[in-house]
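# Overview (structure and organization)
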Amino acid sequence: MIPPAFEYTRPTSVDEAVHALADAGDEAKVLAGGQSLLPLLRLRLAFPELVVDVGRIPELRGVREDGDALVIGSMTTHHEVVHDPLVRRYAGLLAEATATVADPAVRHRGTLGGSLAHADPAGDLPAVALALDAEMVVAGPGGRRTMPAREFFVDYLQSALAPDELLVEVRIPKADGWSFHYEKFHAVAQSWAIVGVAALVRRDDGRIAEARIGLTNMGATPLRATAAEEALSGADGPEAVARAAGAAAEGTRPAQDLSASPEYREHLARVLTRRAVLTAGGMG
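Residues numbered from 1 in each chain as written. Predicted model: local features only at pLDDT ≥ 70, side-chain atom pairs only at ≥ 80, totals over all residues. Heavy atoms only, no water.

### Examining the sheet that holds strand β12 (residues 195-204)
Overall, antiparallel pairing links the four strands, which are arranged β11-β12-β13-β14 in an open sheet. The open sheet has two edge strands with one neighbour each: β11 (179-185) and β14 (223-224). Sheet topology note: the β12/strand β13 (residues 207-216) ladder contains nine bridges and is antiparallel. Within β13, the position partnered with V201 by the bridge is A211. Sitting on the sheet, helix α8 (residues 124-131) is in contact with β11, β12, β13 and β14, with an inclination near 150 degrees to β13. Across the sheet, helix α12 (residues 262-280) lies against β11, β12 and β13, angled at about 35 degrees from β12, the strand it touches most. (Pairing = 2+ DSSP bridges. Helix = DSSP H or I, 4+ residues; strand = E, 2+ residues; numbered from the N terminus. Contact = heavy atoms within 4.5 Å. Axes fitted to C-alpha atoms, helices over the stretch in contact; angles between N-to-C directions.)

### What about the nonpolar core?
Membership of the largest hydrophobic core comes to 36 residues, with the highest contact counts inside it found for V87, L94, L116 and M136. Among the elements that line this core, the one with the most residues is α8, at five residues. Discounting chain neighbours no more than four positions away, the residues touching L94 are I72, V81, V87, L112, L125, V128, L132 and I172. Judged by nonpolar contacts, the second largest core, of 28 residues, contains A199, A211, A269 and V277. (Core = buried A, V, L, I, M, F, W, Y, C linked by side-chain atoms within 4.5 Å. Buried < 20%, exposed > 50% of the residue type's maximum accessible area, 1.4 Å probe, protein only.)

### Regarding the packing of aromatic side chains
If you walk through the whole model with that rule in mind, you get two aromatic pairs. Arranged with centres 5.2 Å apart and planes meeting at 85 degrees, the rings of F152 and F153 form a pair that is edge-to-face. One exposure class covers both F152 and F153, and it is buried. Ring centres of F185 and Y264 lie 6.4 Å apart, and the angle between their planes is 90 degrees; on these two criteria the pair is classed as edge-to-face. Of the two residues, F185 is situated in strand β11 and Y264 in helix α12; the sequence distance between them amounts to 79 residues. Since its relative accessible area comes to 32%, F185 is described here as partly exposed. Lying over the aromatic face of W178, R202 brings its terminal NZ or CZ to 5.8 Å of the ring centre. The residue whose ring lies beneath R212 is W178, and the NZ or CZ to ring-centre distance is 4.3 Å. (Phe/Tyr/Trp six-rings, centres within 6.5 Å; stacked < 30°, edge-to-face > 60°. Lys NZ or Arg CZ within 6 Å of the ring centre and 35° of its normal.)

### Here's the deal with unusual backbone geometry
Not every positive phi belongs to a glycine, and R44 is a case in point at roughly 60 degrees. Mapping R44 onto the fold places it in the loop between α2 (37-42) and β3 (50-53). The residue D205 is not glycine, and still its phi comes out positive at about 55 degrees. As for its placement among the helices and strands, D205 is situated in the loop between β12 and β13. Here D205 falls in the exposed class, since its relative accessible area comes to 77%.

### Let's talk about the side chain of E183
Position of E183 among the secondary structure elements: in strand β11. R275 is the oppositely charged side chain nearest to the buried, salt-bridge-free E183, at an N-O distance of 4.1 Å. Looking at E183, its side chain comes within polar contact range of the side chain of H181, at 2.8 Å. Ignoring anything within four residues of it in the chain, the contact list for E183 reads V195, G196, V197, L272, R275 and A276. (Lys, Arg positive; Asp, Glu negative; His and termini not counted. Salt bridge = Lys/Arg side-chain N within 4 Å of Asp/Glu carboxyl O. Polar contact = N/O pair within 3.5 Å; in protein donor to acceptor, adjacent residues only side chain to side chain.)

### A short note on a negative patch on the surface
On the surface, a cluster of negative charge is contributed by E7, D26, E27 and E49. Relative to the helices and strands, D26 is located in the loop between α1 (14-24) and β2 (28-31). A residue is classified by how much of its surface remains accessible, and D26, at 62% relative accessible area, is exposed. (Patch = residues over 30% accessible without salt bridge, like charges linked within 9 Å, V, L, I, M, F, W, Y side chains within 5 Å. Areas by Shrake-Rupley, 256 points an atom, 1.4 Å probe, with all protein chains shown as cover. Charge placed at Lys NZ, Arg CZ, Asp CG, Glu CD.)

Okay, here's the thing in structure tokens:
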């Protein structure tokens, strides 16, 4: 289908982009990699008066260290994230999960910031951001502010970004001493996850000392499986992990759709959590 008519601007700085968004009010959309917005435009599910293309703002790209944190520009592509040595060293879970996103063509165009700002609970990366305790740095007319990932995703396809704000970078604490695994189930290759589980595990003396579990597609937003995380503390083998994983679906509200029933998604959350934790912890 042909998208509706709209105005188009391509700023070259964050300030310029923020000013364009502020001038347009609620009638603007940000174009990052275009892998989410362009289909919405073509299907006429979005009707912006202005599209702000941030693809030529150099400060939004790249990966760098900042003390104990890894800083990733919002326009860094999935392909760049997967292959960046700093990401692979300090945020391996992000690299592993990003490698499962769609197909190579999408990964070369799609961006980390675009995926997070789209706030689709079926997307792989929002749950990973939760598990990694990531922080989002946002620029607006009043300057910059930082918020934790748990506050960034507020509802289905809705983030905490104001209409005149732009996600500029993602800060991830370096995960030294943590092992990880991303496990997801999808009906066909390259499709959205029916359920996904992002697991981080820190072991001490053969036991799980701490675990973080992010859930994909188990509610209107990505979720942390807090009951399972608590139950995993002290787990010392496959049987203990399996018991703890039984709590993975507690507090979730999975959707009913053509892909799966809520009950099936709850079952998948338990099974995939067990698999992800066993693999991350080297206990499988």
